[in-house]
Every structure is written in structure tokens, then in C-alpha cells.
Amino acid sequence: MMIYLRLIWSYLKIGFFGFGGGYAMLALIENEIVTPGWISEQTFTDIVAISQMTPGPIGINSATYIGYVAPGISSPALGSPIWGILGSIICTLVVILPSFILVRYAGHYISRHRDSVAIRGIFAGLRPVVVGLIASAALLLMNTANYGDTSPDIMKSIAITIAVLGLSLFTKIHPILLIIAAGVAGIIIF
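Rules behind the numbers
Residues numbered from 1 in each chain as written. Predicted model: local features only at pLDDT ≥ 70, side-chain atom pairs only at ≥ 80, totals over all residues. Heavy atoms only, no water. Helix = DSSP H or I, 4+ residues; strand = E, 2+ residues; numbered from the N terminus. Buried < 20%, exposed > 50% of the residue type's maximum accessible area, 1.4 Å probe, protein only. Phe/Tyr/Trp six-rings, centres within 6.5 Å; stacked < 30°, edge-to-face > 60°. Lys NZ or Arg CZ within 6 Å of the ring centre and 35° of its normal. Expected span 1.5 Å × (residues − 1). Arc of directions from axis to C-beta. Contact = heavy atoms within 4.5 Å. Patch = residues over 30% accessible without salt bridge, like charges linked within 9 Å, V, L, I, M, F, W, Y side chains within 5 Å. Areas by Shrake-Rupley, 256 points an atom, 1.4 Å probe, with all protein chains shown as cover. Salt bridge = Lys/Arg side-chain N within 4 Å of Asp/Glu carboxyl O.

**Student:** Now, about the environment of Ala118: what can you tell me, with residues and values included?
**Tutor:** Following the sequence through the fold, Ala118 ends up in helix H6 (residues 117–140). Here Ala118 falls in the partly exposed class, since its relative accessible area comes to 48%.

**Student:** Could you give me a rundown of the packing of aromatic side chains, with the residues and numbers involved?
**Tutor:** Taken as a whole and judged by the stated rule, the model has one aromatic pair. Seen in terms of ring centroids, Tyr4 and Trp83 are 6.3 Å apart; in terms of plane orientation they differ by 40°. Their pairing is tilted. Remark: Trp83 occurs in helix H5 (residues 81–112) and Tyr4 occurs in helix H1 (residues 2–17); sequence separation between them is 79 residues. One Lys or Arg, Arg104, reaches over the ring of Tyr105 and ends 5.7 Å from the middle of that ring.

**Student:** Account for helix H3 (residues 41–53), with residues named and values stated.
**Tutor:** When the terminal C-alpha atoms of H3 are compared, their 19 Å separation across 13 residues agrees well with the 18 Å that a helix rising 1.5 Å per residue should span. Restricting attention to buried positions, one finds in H3 the residues Phe44, Thr45, Ile47, Val48 and Ser51. An end-on view of H3 places all buried positions within 150° of arc, on one side of the element. In this fold, the buried residues of H3 make contact with helix H2 (22–33), helix H4 (58–74), H6 and helix H7 (144–147).

**Student:** Outline a nonpolar patch on the surface, supporting the account with residue identities and numerical values.
**Tutor:** A surface patch of nonpolar side chains, amounting to about 840 Å² of accessible area, comprises Leu167, Ile173, Ile176, Leu177, Ile180, Val184, Ile188, Ile189 and Phe190. In terms of residues, the nonpolar patch owes the most to one element, helix H9 (residues 175–189), which gives six residues. Positionally, Leu177 belongs in helix H9.

**Student:** Before we move on, can you summarise the pattern of salt bridges with the specific residues and values?
**Tutor:** Per the stated rule, a full pass over the model turns up one salt bridge. The shortest N-O distance in the salt bridge between Glu32 and Lys13 comes to 3.1 Å. Here Lys13 lies in helix H1 and Glu32 lies in helix H2, a separation of 19 residues in the sequence.

By themselves, these observations are geometric and do not establish any function.
Spelled out as C-alpha cells, the structure:
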């Protein structure tokens, strides 16, 4: 049962300090869920990929999944789907609780004082941090689970990445088609 307290603590931290949305939260989420051994790095990158293809933010999607699998991983006695569903509900609610509190109470204050030098200063200071966190997410996902562990695999993965990036920046191809094309390329190449 201690796993639920650990999950609550981890997802409270993620909820309170996850500024800038899902990508900015990735390093924090990885630290909180991979380091304790609840999932592997490969599973984490799979969660990120699946979260991008399913409705909802990555923080909530990962909380739901980790809440489901962590109890069973921490103790075989908690391997029943009921314990997993309980973990999913707890983690999902806990990760949204800080945002709910901040929006409920700070939103009114910020809107009343949005012309304040202090409020503008706070947001000016947070913007570069969010950009840095999103950049760190990109670097975080450039690992052996995503790019392979041999030079040829890494080069093939980089080629797919550059091709999809170029197509998304310089053409009007729909992102879903790019995702499908990248998947097909992965099947063919690997």
C-alpha cells in the first residue's frame, strides 16, 4: 500500500512543478517514474509516443498508465486489475489537483493584476524556462530506446527524424499522415 503514497507524492510534484505543458514535464515525469523502477526507459518512450496519439495531455495519460502498472510492479499482491484501476484514478486525480488549485485561486489574482510589473516579470522569467524544458524533452527522447544502439540504426533514425521534420516544416502534409509515414518507414527500414 506504500506504493500509493509514493505515487501521490510523485504526481503532486509533477503537477505543481510541471510548467509549460507535457513536453516541458517530460524530464520530471521520467525522473519520478523511471528512477524508482516503476517502468523502464523503453516503456517511458512508448508512453510518450502513445500519449501523443491519444486524446489528452501527456501528464494525465502517463499518470493513468503508471498508476495502473506501478502497484503490480512494486508488489505481486497488488497485481490485480482492481489495484491498477485504483492507482490510475489516484494518479490521474493527483496530477490535475495542483492545476485545479492554481487556476482556481491564482487565476483570479493574475487576471486582476495582469498589468502589474511583478506578474509580467514572473511570466517573462517563466518563458525561457519553459523553452529550455521543451528542448530538454527533445534531448531526453534522443536515447537508445528511440534511436537504436548501433551506428547504422542511429543514422537511419536520424534520417527519418530529419525527413519528417523537413516535411512538417516545408509542406502542408497533415501530421497524422507524417506519423503514419514514419511508422511505415520504420517497418520497412528496420
